[in-house]
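# Examining the three-dimensional arrangement
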Amino acid sequence: TQYHKGQAADVQSHRDTISTFVLPTIPNILTEPEARASYLVEHYWDYTNFADTNYIHHPDIVEQAWVNYIDLMKLVPYSTAESSLTNMFNDKGKHKKCYLYLMELAEKYLYEPNSPMRNEELYIPTLKAILNSHVLDESEKIRPRNRLELALRNRQGTPAIDFSYTLASGKQGTLYTLEAPYILLYINNPGCHACEETLNELRNNTTITQMVANGQMTILSLYPDEDLNEWKKYLNAFPAEWINAYDAKQRLTKQRLYDLKAIPTLYLLGKDKTV
């Protein structure tokens, strides 16, 4: 098809009309800050038409809007955030390309370990909504399904999964036989830079040191990998008051008992082993 210069400009104008993100207008009757924030979260995407694939070509608009949206979540009850995310990932009226783009944004900001906005409690309703989507085929749901399975394990407020550990002497123990008001599970690979930084922070934290000394906290440092020679190189780097052990059966990784998408990973448990 041939176009004159003026016609081409008109076609481009028609194709791409995305220039800004339009926020909903909060009713004046809502005066309480939480009520206003809740309304904004619930109606945040009202003027966004994700049937239009032009949105995926404007990350400067859509991605910034997503970041602001997630940032608002800390101002509202979890039930409001959960409901909003569920509605957001309802595939009704959304183009598949747009839906996949939204999934990428959720992964980037709510799931990736280096994201400052990482939040599995918000990612869980997102994953549930994704698995109910009709726009995705079953192969595209494999990764979300696996991630949801992991996210629901050892969730905050739930009992941690028990496992056995082995000391350098060969003596064995289990997580649930440890007795202390608090247990800090520190899953690490002592050769990694981030692990060394975290180890130094834990050793130099006055509050943690005092709690361990007073019997208020037990720290279980657990090596999840199989190269024991590498682990043994660093045995002297750990405080003697800690329990320094390894996962002999590698259940944490092989059976995916814990989500180890990043190393180190830390869990703080109460006396009843609740996360």
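Here is a short report on the structure shown in this document. Everything numeric here is computed off the predicted structure, so don't read it as measured data.

Attention now goes to the sheet that holds strand β1 (residues 164–167). Either a parallel or an antiparallel arrangement is found when strands of a sheet pair, and the pairing is made through backbone hydrogen bonds. The strand order β2-β1-β5-β4-β3-β6 describes an open sheet built from 6 strands, whose pairing is mixed. Strand pairing shows two members of the sheet lacking a second neighbour, β2 (172–174) and β6 (265–270), which therefore form its edges. Put simply, the sheet's adjacent strands are angled 35° from each other on average, direction ignored. Sheet analysis places β1 next to β2, joined by 3 bridges and oriented antiparallel.

To continue, consider helix α9 (residues 206–213). Two or three places before T207, at the opening of α9, N205 has a side-chain oxygen 3.1 Å from that residue's backbone nitrogen. Downstream of α9 by a residue or two, G215 has a phi angle that is positive, lying close to 80°.

With that settled, consider the environment of N244. With respect to the element layout, N244 can be found in strand β5 (residues 243–246). Here N244 falls in the buried class, since its relative accessible area comes to 13%. The spatial distance from the C-alpha of N244 to the C-alpha of S133 is 45 Å, given a sequence separation of 111 residues. With residues up to four places along the chain from it excluded, the contact list for N244 reads L167, S221, W231, L235 and F238.

Counting residues in hydrophobic clusters, the biggest one holds 46 residues, and the most contacted among them are W45, W66, Y69 and F89. Elements with a minimum of two residues in this core: α2 (33–42), α3 (59–72), α4 (78–88), α5 (96–111), α6 (120–131) and α7 (142–151). When residues of this core are assigned to their parent elements, the largest contribution, 10 residues, is made by α5. Once residues lying within four places of it in the same chain are set aside, the contact partners of Y69 are V41, Y44, W45, S84, L85 and M88.

Our next topic: the pattern of salt bridges. Evaluation of the coordinates by the stated rule reveals 11 salt bridges. The salt bridge partner of K233 is E230, with a shortest N-O separation of 3.2 Å. Of the residues examined, K233 reaches a relative accessible area of 62% and is grouped as exposed. With a closest N to O distance of 3.0 Å, K261 and D259 form a salt bridge. Classification of D259 by relative accessible area gives buried; the value is 10%.

One can describe the packing of α3 onto α4 by two numbers: an axis separation of 11 Å at closest approach and a directional angle of 155°. In this view, α3 runs roughly antiparallel relative to α4, as classed from their interaxial angle. For the pair α3 and α4, the contacting residues are W66, Y69 and I70 in the first and S84, L85 and M88 in the second. A class-by-class count of the residues in the contact of α3 with α4 yields 5 nonpolar, 1 polar and no charged.

With that settled, consider the state of the cysteines. Scanning the entire structure with this criterion turns up 1 disulfide. Disulfide pairing is shown between C192 and C195; the S-S distance is 2.3 Å. For the disulfide bridge between C192 and C195, the dihedral angle about the S-S bond is near 95°, and by the sign convention the bridge is right-handed. By relative accessible area, C195 is classed as buried at 1%.

Analysis parameters
Residues numbered from 1 in each chain as written. Predicted model: local features only at pLDDT ≥ 70, side-chain atom pairs only at ≥ 80, totals over all residues. Heavy atoms only, no water. Pairing = 2+ DSSP bridges. Helix = DSSP H or I, 4+ residues; strand = E, 2+ residues; numbered from the N terminus. Axes fitted to C-alpha atoms, helices over the stretch in contact; angles between N-to-C directions. Polar contact = N/O pair within 3.5 Å; in protein donor to acceptor, adjacent residues only side chain to side chain. Buried < 20%, exposed > 50% of the residue type's maximum accessible area, 1.4 Å probe, protein only. Contact = heavy atoms within 4.5 Å. Core = buried A, V, L, I, M, F, W, Y, C linked by side-chain atoms within 4.5 Å. Salt bridge = Lys/Arg side-chain N within 4 Å of Asp/Glu carboxyl O. Parallel < 35°, antiparallel > 145°, perpendicular 65-115°, else oblique. Nonpolar A, V, L, I, M, F, W, Y, C, P; charged D, E, K, R; others polar. Disulfide = S-S within 2.5 Å.

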